[in-house]
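Breakdown of the fold
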Amino acid sequence: MLGWLLQRVAQALLVIFAMSLVVFLGLHAVGNPADLLLAPDATQIERAELIARLGLDRPLWEQYLNFASSALQGDLGRSFVYNVPAVTLILQRLPATLELAFAATIFAIILGVPLGLYAGLYPERAFSKLIQTGSILGFSLPTFWVGLLLIMTFSVSLGWLPASGRGETVRVFGVEWSFLTLNGWRHLLLPAINLSLFKVSLVIRLTRAGVREVLPLDYVRFARAKGLRRGRIVVMHILRNIMIPLVTVLGLELGSTIAFAVVTESIFAWPGSGKLILDSINALDRPVVTAYLLVVVTLFVIINLVVDILYRFLDPRVREEASA
Amino acid sequence: MTTVPAASARRPANSALRRFLRAPSALIGLGLLALLVIGAVFAPQIAPQNPFDLAAIDVLDARMMPGSVSSGGDITYLLGTDGQGRDLFSAILYGLRTSLTVGVGSALLAGLIGILLGLIAAWSGGFIDALIMRLVDLIMSLPSILIALLMLALLGRGIGNVVLTLVLLEWAYYARTARAQALVERKRDYFEAARGLGLPTSRILLRHVLPNCLPPLLVIAALQVARAITLEATLSFLGLGAPVTQPSLGLLIANGFQFMLSGEYWISFFPGLTLLAAIVAINLVGDRLREVLDPRALK
């Protein structure tokens, strides 16, 4: 177990290292920041001084070490546009993205588990076939297009829900949250549904497959033979057993949900980190792009690591496999 | 699990085709796809207007309803016009052209690179195998949008850069399947026989192993084309993909988005519908291909 853990942590660190290297070489080392910072009529001496001050005359590996060590201290430069530290900017916007991602995940469970359960228990019914087809569509439809349809239907035609922004927020622990006000919920609903589309399909698939797998097993048949009520069998015996893989996959999906929030945030003008990165790419605001990529990759790797460890911990079968 | 009856791998192609056509969903997909491809290929002949020819566009005709007649009286705008007064039907045909080219082009290029690397990994084993496969793991584990953001932040927008990004994202899927398949084929008798004959490695790999690995790779190719088209549309919608001068479907949808809130739905709805049709058609064909070609799905 310990060996596996060390290996897994090393792997996670390697991914972050590789990403930092790519980001450094691609965004940090390409082009000369001195050209951006100097006035056009600067003399060669001023230029040389600035280059020396920024450390641009050092060998590349030394520049990387500088970059990495300041990155570890949370310093990835100041935004050209907002003139505040890039990391601060990302961290300010991140809660909105996290709120959206968590809401989407919760929607996926609320919608996906019952539908998957139904499709798994009654695979021959017409409604189950509809659920199956729907889940295929959910996988293949482009998120942004569904988002537009949602706006077209619920905001423009029906006028039920707002199409953009976060609405009223409440400040808790110094961070603004939308989900604490009714108005905020109304703003959150459409984006969260939009972002959850792919995950709903995933949950339906997993739940259905899990039910199909567990249903013919001896312990379920035994429970039935004992005369337990059907509802009890479904909740206590079937659902409980498919929860572990379900939660694991959703946990692993959380990272990519945060990344894919870029699309949803851009459609619904949700002021999260994804909206920020798009604006920053278009404005060539390099420090912010660098900071976003590093923060999100690190977050992604940490989430996956934690989920992976928890999974080993929770499921005794996997635990034994790992130690064997 | 991976042992496959030898006969199913060498089924005559025409019987596979016949089985493919037996499913109605596959026929619908294929018909829809043929329609879209014809529309895209013959766009200059079919389109009533060249949407890139500024002389042909009348700004006064901007945002006209579907079915309106142009102010010059010579064109009926079947699907209406966009914000610049372009005939939307023409713009969609040209946009489809860009979208399909990018999708198919990137899938082919990624297939070429991925299959080659997969075969090399399976053949050489050891360090090279580990290196290639760790790279595959890395790409497949990171969210595709994150890699795309990184690449396009680095390279800037443009069709070529989008294709490059898609290739980087897709090759891993081919490589993994090609490697797994090649490792299975390696244990077969014909492989030993070919080696016994002293054939050169490249010939064994390309003429003997590769054809036997093709069925699952074809399925992957179909699904990757759909994935590429979706991702390209998404990136273009976000303003990171196709340049304004060469609008793909995604960019057309993005351009219409601002008018949607004022009720002029058609400017982004029809390009979206076309995109949807393309993705669904390819997926239907791909799904049926998998059912026909994948021996594990045969039950």
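So, a few notes on the structure that sits alongside this text.

The rules we used
Residues numbered from 1 in each chain as written. Chains lettered and ligands numbered in written order. Predicted model: local features only at pLDDT ≥ 70, side-chain atom pairs only at ≥ 80, totals over all residues. Helix = DSSP H or I, 4+ residues; strand = E, 2+ residues; numbered from the N terminus. Expected span 1.5 Å × (residues − 1). Buried ≥ 20, exposed ≤ 12 C-beta atoms within 10 Å, placed from the backbone. Contact = placed C-beta atoms within 7 Å. Nonpolar A, V, L, I, M, F, W, Y, C, P; charged D, E, K, R; others polar.

**Examining helix 7 (residues 144-155) of chain B**
All names here are of chain B.
- Along its 12 residues, helix 7 runs 16 Å from first to last C-alpha, staying within 8% of the 16 Å computed at 1.5 Å per residue.
- Judged by how many residues are buried, helix 7 sits mostly within the fold: 9 of 12 residues are covered.
- Within helix 7, the full set of buried residues consists of Ser144, Ile145, Leu146, Ala148, Leu149, Leu150, Met151, Leu152 and Ala153.
- Gly156 sits one or two positions beyond helix 7 and adopts a positive phi of about 85°.

**Regarding the environment of Gln224 of chain B**
Residues and elements named next belong to chain B.
- The topology assignment puts Gln224 in helix 10 (residues 201-237).
- Residue Gln224 is classed as buried on the basis of its 28 C-beta neighbours within 10 Å.
- For the pair Gln224 and Thr81, spaced 143 residues apart in the sequence, the C-alpha separation amounts to 32 Å.
- In this structure, Gln224 is in contact with Ala107, Ala110, Glu170 and Tyr173, ignoring residues within four places of it in sequence.

**Description of the interface of chain A and chain B**
- Facing the 30 residues of chain A at the interface are 29 residues of chain B.
- Breaking the side of chain A that touches chain B down by element, the ones donating at least two residues are helix 1 (2-28), helix 7 (143-157), helix 10 (230-267), helix 11 (273-282) and helix 12 (286-314) of chain A.
- Looking at which element gives the most residues to the side of chain A that touches chain B, the answer is helix 10 of chain A, with 7 residues.
- In the side of chain A that touches chain B, the residues fall into 24 nonpolar, 6 polar and no charged.

**Section: unusual backbone geometry**
All names here are of chain A.
- Here the phi dihedral of Asn83 falls at roughly 55°; this positive angle occurs in a residue that is not glycine.
- Looking at where Asn83 falls in the secondary structure, it is placed in the loop between helix 4 (60-72) and helix 5 (86-121).
- You will see that Ala269, though not glycine, has its phi angle at about 45°, which is positive.
- Topologically, Ala269 is positioned in the loop between helix 10 and helix 11.

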